[in-house]
Amino acid sequence: MEVKILTEHYDKDEYVTLKGYQKNGGYEIIKKALKMKPEEIIQLVKDSGLRGRGGAGFPTGMKWSFLPKNNEPRYLLCNADEGEPGTYKDRLMMERAPHQLIEGMVISAHAVQSKKSYIYIRGEYTYPYKVVEKAIREAYDAGFLGKNILGTGFDHDMDIYRGAGAYICGEETGMISSLEGLKGQPKLKPPFPAVQGYLRKPTIVNNVETLACVTYIVKDGPQVFRKNGTEKSPGTKLFSISGDLQKPGNYEVALGISLMDMIQMAGGLKPGRKLKAVIPGGSSAPVLTAEEAQKAKMDFDSLAAMGTMLGSGAVIVIDDSQCMVDILSVIMSFYHHESCGQCTPCREGTGWLDKVVRGIVSGQGRVQDIDLIETVAKNMMGRTICALSDAAAMPAISFVTKFRDEFEFFVREKKSKVKGDYKIKGLSDAQVHH
Amino acid sequence: MPKCTINGKEVEVQPGQTIMQAFHQMKEEIAYYCWHPGLSVAGVCRMCMVDIEGNPKLQIACNTPVVEGMKISNRTEKVKDAAKWTLDFHLINHPLDCPICDQAGECGLQEFYMAYGKYDPEMAAPKQKKRKAVDLGPTVVLDTERCILCSRCVRFTDEVSKTHELGIFSRGDHSEIGTFENKPLDNKYSTNVVDICPVGALTSKDFRFRQRVWYLKEFNSICNGCSTGCNVKISYNQMGLYRVKPVYNEKVNGHWMCDEGREIYKPVNLDRRLKKARTNSGGKVTEVETASAVRQMGELLKSTVAKHGPDSVGLVLTGQYTNEEYEALISYFVKDLKSKKIFHWKNDPEKFDEFDGFLLRGDKNPNTAGLKKSLDAVGIKGDWKDLEPAHLKVLVVAAPENQVVYPDTAAKAAGFAKIPSVIWLTPTRDTNYDLSQWQIPVKSFAEKNGTFINAQGLAQKFKKGVSIVHDAVSLEELVEMISVDHVHSHVQAEARL
Amino acid sequence: MFQLSKEGLSFVKKELTRYEDKRSAVIPALYRAQEEHGWINDDVIEHLAQVMEIPEAHIFEVATFYTMFNKQPVGKNHVQVCCNISCAMAGGRELLGSMLEKNHVGLDEVTKDGKFSFSKVECLGSCGTAPMMQVNDDYYENLDQKKVDEILRGLK
């Protein structure tokens, strides 16, 4: 079931070094790519149908073609903020294959004609940061970065910048704000980053995995890329699978496989447990019931048709030992903590949702609170600068709709239907949430 | 010039302008907090959502450029629902401070609640607690619970005053406006943030708790604080004047005014005024009727000129009076008394030509240019150094309204001590004048019609707003009273008001 | 009054020209100041404002916005326990609770000997090895009570 294209050599410790990377086929395609015209590469990426691997699934070739046709300096920003709960695939690549990312970035930079790129890495990833920083220096020493790369006349400088703990910096304009030295607050769109991004210059923001894919598209062409995956979601993707499983981990598979196959691949459920729910694409994705999970296919459009999303590809498996009200309280607490606070519906709405769910969990919920969660969440959607508000609202609506019985039980009986009167030893109610 | 339709009405805008600017141009009602025509667009309050035909999602008016043919409405059910909920979100953590909040009556939340709200609140959880009554600096008090985080004040200190004292700290619903502890909000334009704050988060220390705004009326005027001539409006009621706020004028002051100008209402109020004319003969002070004092002054001037010649009477003028007043009084001195002894008293000759590049000038007079014009018309230079007290028998002084900006008043008063008769024409009461023989109450700028010419040469007319001291006269009226038959002129002067 | 060390100053000066805009140097400068001072207080902000010629309010905004800048002192070993979805499902919150009890300290507070402080943090990107925690810069994954006790015992 696993298709190891990106991850083919991740088991080799030497792959992290430049020499080891080269020994296993690395820094070959860059030679081919830098001799091609930028438009040619963009066309290949367009034809491949590659969709952003960070969460939004936006067609990469299309994003690149939004750049203005002028001489303004362009920036390529690699989004390595990886904050979506459940996601840890970019960390794998950066720790095991930093040069894979660098090669993909230089090729992409050539395609979008950018002379400067930044890798924006979340502050908590201190170890991957050191690994990538070292790899960048190795790349400079070997002439894959800097002036006149491989004698092709292409100059490119790359630097790495640490975030400091803010999920919202994973949003592309939040990231740009952070890189500019401001608070990581998303910017109004329009203008879009491709037109006016970092320091008001044309900017392309792409996820780590997306950029790494570019090398393979240039290597074997769009048709080979499309051999895996579906028509509208071509290629392979790294899925971070976690939760109540025997073998959680990062798995590279073809897009479109069934969710149940994926769960089997990850070792299946723990003995004696039954599947209750699955979050298919990170905390922002509406939850699926076990019944829905049977029918789910892991590609962008199938999941969208089911009212949820592929997102970052973070699959969280929930078995019947878990309390859905408790899990929602964890998710709401997260968004409350991470809202940047700029726009009113999100700032106040995330706080409100957190308080209402917390109220239910601490045995003080009212009957009307369940409908209230849905109403508040619905009214947070589509009215804000960025999608964090929607990301908080959608799971809330899905949990109270699909697992309403657990919420009603908690309100009525003042304890969890699954875990009973459960308190976490050492942590008071106030401390469990902020 | 793109044309669009707003609520069924067609409007043409400049290319690149936003829907919000179109609404503003048409004076069409739209809800908003964070947008301000004098600041950059923030787009954070989300109140100004509009329905654009063909667009499934509502868009914010402040950041959407007008495209030719756009059909825009902010009266659809979709918009009303969005506005109601966005307002609801603004209010869920807002403290119920209305009974003690200065902003009540002119509050953005109250205003739009009446238009879009009127719902039963469903928020039952405890509200977010934050700092209240924070001393931000010399002029402003902050209540962070009331703040709706529109960021107008932060943008002001970044973009307009460029002093960068304010910021929004933390994130999410723990966000708070504030200053860094060791750097208070202390710049010469700080009170503007009180004006632009849509709610009672930023309040003026001067105005705090003094009056409810529904007991106040407003009149427009020109600031008499310096030669910039900012356009202002002054709040008042029968008990006096309370505060000064800027009025937009593209050429003069934009949307703003300085902190010094906020004080100009104080010398106008009764407690600072000379209420009745006074005469001091040999240490004995008597109050007299203004008309009587003016008549006596007229007779004294006439008889002194007759006895000692026109050079024995002098006139000191500050740049604080209107063009009309200067013309009348200078004409009286030059034509009727044949005297050319007129002198220009500047507030601080060394700082006179200073300008901070924005609105503050060292010439703390609203009409120096008007005075110069009137003196030029009669060929008089008015240099102070030409004033020789020893040669004068009578000196008439048109004193400044705000003595704070005339630091040498005491010295000047002392310098006139040798002159046998000094007559202070003054709006305000000042003990330094008590040494002189006569004090006559004159009208403050707020009590008369007139014209000031500002430092840019712009003539600005203003109208009387209030009448505080009934016995005060304008210099025009004073001249009328002494140059024509008394009873007749008094009636005429009254009729003109 | 806090002052950066000579090396710290030279680091910050370099950062000011490393990026396209000098304001980008604020985050790296705060990290460096935190390394030397342990946490960010008013003195740190004032000093950086002076050194970098950036208004205090701007630096303070950044310092208060991001979670990784400590706004109060932390222990020599700052233990950050992930309590997000996968880790919560796997018992991360219970481990945090037990750490607080065993070390007789409250959440975000420093133990009397200054050795530990325990905080609850959001997803650290290690969901496959839940429950887990980060101590200063290092990740400790696949935890259980026994492992936690061992790790904390072993920390200096």
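What you see is a predicted model, and the numbers here were worked out from it, not measured in a lab.

**Points about the pairing of strand β9 (residues 314-319) of chain A**
Residues and elements named next belong to chain A.
So, point 1. Burial within β9 is extensive, with five of its six residues counted as buried.
So, point 2. Across four bridges, the pairing between strand β5 (residues 236-243) and β9 is parallel. Note that in β9 the partner of Ser242 across the bridge is Ile316.
So, point 3. Examined bridge by bridge, strand β7 (residues 275-279) and β9 share four bridges and lie antiparallel to one another. When the bridges of β9 are listed, Leu275 appears paired with Asp319.

**Comments concerning the domain arrangement of chain A**
Residue and element names in this part refer to chain A.
So, point 1. Structurally, chain A comprises domain 1 (13-225), domain 2 (241-319) and domain 3 (324-432).
So, point 2. Computed over C-alpha atoms only, the centres of domain 1 and domain 2 are separated by 28 Å.
So, point 3. Counting residues at the interface gives eleven residues for domain 1, matched by 13 residues for domain 2.
So, point 4. Counted by class, the side of domain 1 that touches domain 2 contains three nonpolar, five polar and three charged residues.

**Things to note about unusual backbone geometry**
So, point 1. For the bond from Lys189(A) to Pro190(A), the omega torsion is 5°, close enough to zero to count as cis.
So, point 2. The omega torsion across Ala130(C) and Pro131(C) is -5°, close enough to zero to call that bond cis.
So, point 3. Position of Pro131(C) among the secondary structure elements: in the loop between β2 (116-121) and β3 (133-135).
So, point 4. Backbone geometry at Leu149(B) places phi at a positive 55°, although glycine is not the residue there.
So, point 5. Residue placement: Leu149(B) occurs in the loop between β7 (140-142) and α4 (152-160).
So, point 6. Even without being a glycine, Glu53(C) presents a positive backbone phi close to 55°.
So, point 7. Examined against the element boundaries, Glu53(C) turns out to sit in the loop between α3 (42-52) and α4 (56-65).

**Overview of the interface of chain A and chain B**
So, point 1. Across the boundary between the two partners, chain A contributes 25 residues, which contact 24 residues of chain B.
So, point 2. Mapped by element, the contributors of at least two residues to the side of chain A that touches chain B are α13 (324-338) and α14 (344-361) of chain A.
So, point 3. It is α14(A) that provides the largest number of residues to the side of chain A that touches chain B, a total of eleven residues.
So, point 4. Split into classes, the residues belonging to the side of chain A that touches chain B amount to eight nonpolar, 13 polar and four charged.

**Thoughts on the packing of helix α1 (residues 6-18) of chain C against helix α2 (residues 26-37) of chain C**
Residue and element names in this part refer to chain C.
So, point 1. Following both chains from N to C, one finds α1 and α2 inclined at 170°, their axes separated by 9 Å at the closest point. Between α1 and α2, the angle is such that the two are roughly antiparallel. Across the interface between the two elements, Gly8, Phe11, Val12 and Glu15 of α1 pack against Pro28, Ala29, Arg32 and Glu36 of α2.
So, point 2. Residues belonging to the contact of α1 with α2 are distributed by class as follows: four nonpolar, one polar and three charged.

**Concerning the confidence of the model for chain C**
So, point 1. Looking at chain C, the pLDDT average stands at 96 and 100% of residues meet or exceed 70.
So, point 2. Both scores are given for the predicted complex: the pTM is 0.94, the ipTM 0.97.

**Describing the interface of chain A and chain C**
So, point 1. Counting from both sides, the interface comprises 46 residues of chain A and, opposite them, 38 residues of chain C.
So, point 2. Elements represented by at least two residues in the side of chain A that touches chain C include exactly α7 (126-141), β5, β6 (249-254), α13 and α18 (429-432) of chain A.
So, point 3. Ranked by the residues each element gives to the side of chain A that touches chain C, the list is headed by α13(A), at six residues.
So, point 4. Considering only residue class, the side of chain A that touches chain C consists of 19 nonpolar, 18 polar and nine charged.

**Things to note about helix α9 (residues 208-225) of chain A**
Residue and element names in this part refer to chain A.
So, point 1. Helix length check: α9 (18 residues) gives 18 Å between terminal C-alpha atoms against 26 Å at 1.5 Å per residue, more than 12% under.
So, point 2. Along its length, α9 shows its largest kink, about 90°, at Lys219, and proline Pro222 lies within four residues downstream of that point.
So, point 3. Along α9, the residues classified as buried are Val208, Glu209, Thr210, Leu211, Ala212, Cys213, Val214, Thr215, Tyr216, Ile217, Val218 and Phe225.

**Regarding the sheet that holds strand β3 (residues 157-162) of chain A**
Residue and element names in this part refer to chain A.
So, point 1. As summarised here, the arrangement of the four strands in space is β3-β2-β1-β4, forming an open sheet in which the pairing is parallel. Two strands in the sheet have a free side with no partner beyond their single neighbour: β3 and β4 (203-207). Between one strand axis and the next, the sheet turns through 20° on average, direction left out of account.
So, point 2. As paired elements, strand β1 (residues 74-80) and β4 share five bridges and run parallel to each other. Following the sheet pairing, Leu77 is matched in β4 by Val205.
So, point 3. Each of β1, β2 (114-121), β3 and β4 is contacted by helix α6 (residues 98-112), which is oriented at about 150° to β1, the strand it contacts most.

What counts as what
Residues numbered from 1 in each chain as written. Chains lettered and ligands numbered in written order. Predicted model: local features only at pLDDT ≥ 70, side-chain atom pairs only at ≥ 80, totals over all residues. Buried ≥ 20, exposed ≤ 12 C-beta atoms within 10 Å, placed from the backbone. Helix = DSSP H or I, 4+ residues; strand = E, 2+ residues; numbered from the N terminus. Pairing = 2+ DSSP bridges. Domains from an automatic or database assignment. Contact = placed C-beta atoms within 7 Å. Nonpolar A, V, L, I, M, F, W, Y, C, P; charged D, E, K, R; others polar. Axes fitted to C-alpha atoms, helices over the stretch in contact; angles between N-to-C directions. Parallel < 35°, antiparallel > 145°, perpendicular 65-115°, else oblique. pLDDT = per-residue confidence, 0-100. Expected span 1.5 Å × (residues − 1). Bend = angle between axes of the 7 residues up to and from the residue.

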